[in-house]
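Read off the chains here:
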Amino acid sequence: MLSLIELAKEGNLEKTGAKPKLPIKVDGVSSETLDVYKIPLEYLYYNDKNGRIATGISQYHDELHPANDHGDPQYNNFIAKLIEQDNSSALKRTEKSIQESGQQVYGYVLDDGRIVDGNRRFTALRDIHQSTGKTVYFEAVVLPFSYNNTTERVKIKKLELAIQMGVEERQNYDPVDLAVDIYQTTSGDDPIMTQADYAADSHMRPTEVKKYYDGAVYMKKFLEFIGAPENNFNIIKESKVWTLFYEMGKSLSKNFGDDPESQVRKNETMNSYFGVILYQIHVGVSGNTARNHIREYSKNVVNSVDNEDFNDDVADIVDDLSDSLQDDEIHTTSDLMQSLTDENDTVETLGDTFDTYMRNARNSESVDKFIRNIKQNVKYYHDLNEDGGLIGSLRYNEVSEDQLKELQKYMRDLNQLSKELFSKYGDEIR
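In this text, all values refer to a predicted model and were calculated from it rather than measured experimentally. (Residues numbered from 1 in each chain as written. Predicted model: local features only at pLDDT ≥ 70, side-chain atom pairs only at ≥ 80, totals over all residues. Heavy atoms only, no water.)

S.K.: Is there a simple way to think about the overall build of the protein chain in this case?
M.R.: A tally of helices and strands in the protein chain yields 17 helices and 5 strands. What you see for the protein chain is a C-alpha radius of gyration of 31 Å, clearly larger than the 22 Å of a compact globule of 430 residues, by over 25%. Put simply, the protein chain has 430 residues, and 43% of those count as buried. Considering only intrachain contacts with a sequence separation of at least 6, the fraction spanning at least 24 residues in the protein chain is 71%. Looking at the protein chain as shown, the accessible area adds up to about 23,800 Å², and 46% of this sits on carbon and sulfur atoms. Across the protein chain, the centroid of the 49 positively charged side chains sits 8 Å from that of the 75 negatively charged ones. (Helix = DSSP H or I, 4+ residues; strand = E, 2+ residues; numbered from the N terminus. Rg over C-alpha atoms; globule rule 2.2 N^0.38 Å. Buried < 20%, exposed > 50% of the residue type's maximum accessible area, 1.4 Å probe, protein only. Contact = heavy atoms within 4.5 Å. Areas by Shrake-Rupley, 256 points an atom, 1.4 Å probe, with all protein chains shown as cover. Lys, Arg positive; Asp, Glu negative; His and termini not counted. Charge placed at Lys NZ, Arg CZ, Asp CG, Glu CD.)

Listed below in structure tokens is the structure:
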């Protein structure tokens, strides 16, 4: 088995002379005991456990076996293509920078060549080698850890989070990747951290980690709902609808409790959410617009007395849509889009019901706002009367006779208007 540490001891890896500064304290290693080495590319391979990669390869988990180019070059080639597709412009910038100025930021790798940090740099170097034929090296720190050791896996994850969520800017972390990473790291049969640990090491608020975790839970349930492989998160990533699951998780957590009856209503509402999300995907709404739509749905329908009626009205439609999608065996985003097109009438019926409830909710909101304004005005005159007819520190000796007559005129007009309006509202009731 390959050991970069042994190769370094034997003098087969060249030191760059740089001394690393670890972003966090890691038991068993320190900056004084580590060096940066120039490592041949063929000794290295992508980390399938890395949060930025796990989403893309999750659907191919059983088909891919991590290996360096000596063992199986197809693995690295496959991951490299995913990284290029994910952000080709960023990869080109990195490649250009390395060609002009060399590798400016060293990476981190494990003893067996697994890359903990530096995927894009490694990809750029592979491209440079393949296009020019020149021998290039990946400059990296070699950590004396292995994924085969559970305790060391925790240390590796802590370091990965410290680098990618602290040293690097967080916005570079795709939210779907982050949600999946939180879910995979903190749950399942072999969690290596609690959500509190993850929050501390990633510099996130614990409540935010919980929201991302809940979003991942509902993404998995959604994939089951449409009959897609449960880990095929790329469908959600490519559809650009992550924020819908994030907002959905917040709303369901807020509006439903843990008692059995509440859980039944929660599951019914969850299915309604899935139907609304499919409608958004079908009509091409994504990003901030989709987020605003789902927030309005959460506020005006889910968080209202109309929620059960909406669930009842769309239940059969949503069930039929789910059955049809599952029969179609969804594997890709294209599969989903084609199936939604085939089920256009069903989706449009769902959309019409959704639009009707949203329109009624907005109209109701306008009426409520109108009534609130009237109520506030009535309160003003009520307080005025309670204070003897004047506000604040005003005294009658400061008001002239003409001003008092003017006030009387306004009150007479107000009295007449209120009688007329009272009659109008009474006529509408009858």
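S.K.: Sorry if this is basic, but what is going on with the packing of aromatic side chains here?
M.R.: What characterises a pair of aromatic rings is the spacing of the ring centres plus the angle enclosed by the ring planes. Overall, the coordinates contain 16 aromatic pairs when judged by the stated rule. On the numbers, 5.8 Å between centres and 65 degrees between planes, the contact of Tyr 106 with Tyr 108 is edge-to-face. Its relative accessible area of 23% is what places Tyr 106 among the partly exposed residues. The interplanar angle of 80 degrees and the centroid separation of 4.9 Å between the aromatic rings of Tyr 273 and Tyr 297 together place this pair among those described as edge-to-face. Of this pair, Tyr 273 sits in helix 12 (residues 260–282) while Tyr 297 is found in helix 13 (residues 287–302), placing the two residues 24 residues apart along the sequence. Judged by its relative accessible area of 0%, Tyr 273 is buried. In this structure an aromatic cluster arises from ring pairing among Tyr 273, Tyr 279, Tyr 297, Phe 310, Phe 354 and Tyr 357. (Phe/Tyr/Trp six-rings, centres within 6.5 Å; stacked < 30°, edge-to-face > 60°.)

S.K.: Honestly, the environment of Pro 144 in this entry has me stumped. Any pointers?
M.R.: Structurally, Pro 144 is set in the loop between strand 5 (137–143) and helix 6 (150–167). Along the backbone, Pro 144 and Tyr 46 are 98 residues apart, and their C-alpha atoms lie at a distance of 17 Å. Contacts of Pro 144, omitting those with residues within four sequence positions, involve Ile 5, Val 29 and Glu 152.

S.K.: Sorry, what's going on with the pairing of strand 2 (residues 36–40) here?
M.R.: Along a regular strand, successive side chains alternate from one face of the sheet to the other. Counting buried positions along strand 2 gives 4 out of 5 residues, so the element sits mostly inside the fold. Note that strand 2 and strand 5 share 5 bridges and pair antiparallel. Looking across to strand 5, one finds that Lys 38 is bridged to Glu 139. (Pairing = 2+ DSSP bridges.)

S.K.: Where do I start with unusual backbone geometry in this structure?
M.R.: Phi at His 203 is positive, roughly 60 degrees, even though this residue is not glycine. For His 203, the position within the fold is in the loop between helix 8 (195–202) and helix 9 (206–225). Positive phi, normally seen in glycine, also occurs at Glu 329, with a value near 55 degrees. In this fold, Glu 329 is placed in the loop between helix 14 (307–328) and helix 15 (333–342).

S.K.: Is there a simple way to think about the pairing of strand 5 in this case?
M.R.: Among the 7 residues in strand 5, 5 count as buried, and that is most of the element. Sheet analysis places strand 3 (residues 107–110) next to strand 5, joined by 4 bridges and oriented parallel. Within the sheet, the bridge partner assigned to Leu 110 lies in strand 5 and is Leu 143.

S.K.: Explain the environment of Val 301 to me, please; I cannot follow it from the model alone.
M.R.: Looking at the element boundaries, Val 301 is found in helix 13. Sequence separation of Val 301 and Pro 23 is 278 residues, and the distance between their C-alpha atoms is 46 Å. Val 301 has contacts with Glu 296, Asp 306, Asn 307, Phe 310, Tyr 357 and Met 358, leaving out every residue within four places of it along the chain.

S.K.: Sorry, what's going on with helix 16 (residues 344–386) here?
M.R.: Note on helix geometry: an α-helix contains 3.6 residues per turn, so any two residues three or four positions apart are oriented the same way. Taking 1.5 Å of rise per residue, 43 residues should cover 63 Å, and helix 16 covers 62 Å from first to last C-alpha, within 8% of that figure. Among all positions of helix 16, only Val 347, Leu 350, Gly 351, Thr 353, Phe 354, Tyr 357, Met 358, Ala 361 and Leu 384 are buried. The inward-facing, buried residues of helix 16 contact helix 12, helix 13, helix 14 and helix 15. A positive backbone phi angle near 90 degrees is found at Gly 388, which sits one or two residues after helix 16. (Expected span 1.5 Å × (residues − 1).)

S.K.: I tried to follow the domain arrangement of the protein chain on my own but got confused; where do I start?
M.R.: How large an interface is tends to be reported as the accessible area lost when its parts come together. When its domains are assigned, the protein chain resolves into domain 1 (1–165) and domain 2 (370–428). For domain 1 and domain 2, the distance between their C-alpha centres works out to 75 Å. (Domains from an automatic or database assignment.)

S.K.: Would you mind showing me how to read a negative patch on the surface here?
M.R.: Residues Asp 258, Asp 259, Glu 261, Glu 268, Asp 306, Glu 308, Asp 309, Asp 312 and Asp 313 make up a contiguous surface patch of negative charge. Take the negative patch: its biggest share by element is 4 residues, from helix 14. Structurally, Asp 313 can be placed in helix 14. Asp 313 gets classed as partly exposed once you look at its relative accessible area, which sits at 43%. (Patch = residues over 30% accessible without salt bridge, like charges linked within 9 Å, V, L, I, M, F, W, Y side chains within 5 Å. Salt bridge = Lys/Arg side-chain N within 4 Å of Asp/Glu carboxyl O.)

S.K.: Could you clarify how one ought to interpret the sheet that holds strand 1 (residues 14–15) in this entry?
M.R.: Picture the strands of a sheet paired through backbone hydrogen bonds; they go either parallel or antiparallel. If you trace the 5 strands from one edge of the open sheet to the other, you get 1-2-5-3-4, paired in mixed fashion. Pairing within the sheet leaves two strands with one partner each, and these edge strands are strand 1 and strand 4 (115–117).

S.K.: Help me out: how do you make sense of the pattern of salt bridges in this one?
M.R.: A side chain with one charge can pair with a side chain of the opposite charge if their charged atoms come near. One pass over the structure, following the stated rule, counts 21 salt bridges. The salt bridge involving Arg 205 is made with Glu 208; its shortest N-O contact spans 3.7 Å. A relative accessible area of 56% places Arg 205 in the exposed class. Here the salt bridges share partners, and the residues they tie into one network are Lys 15, Lys 19 and Asp 35.

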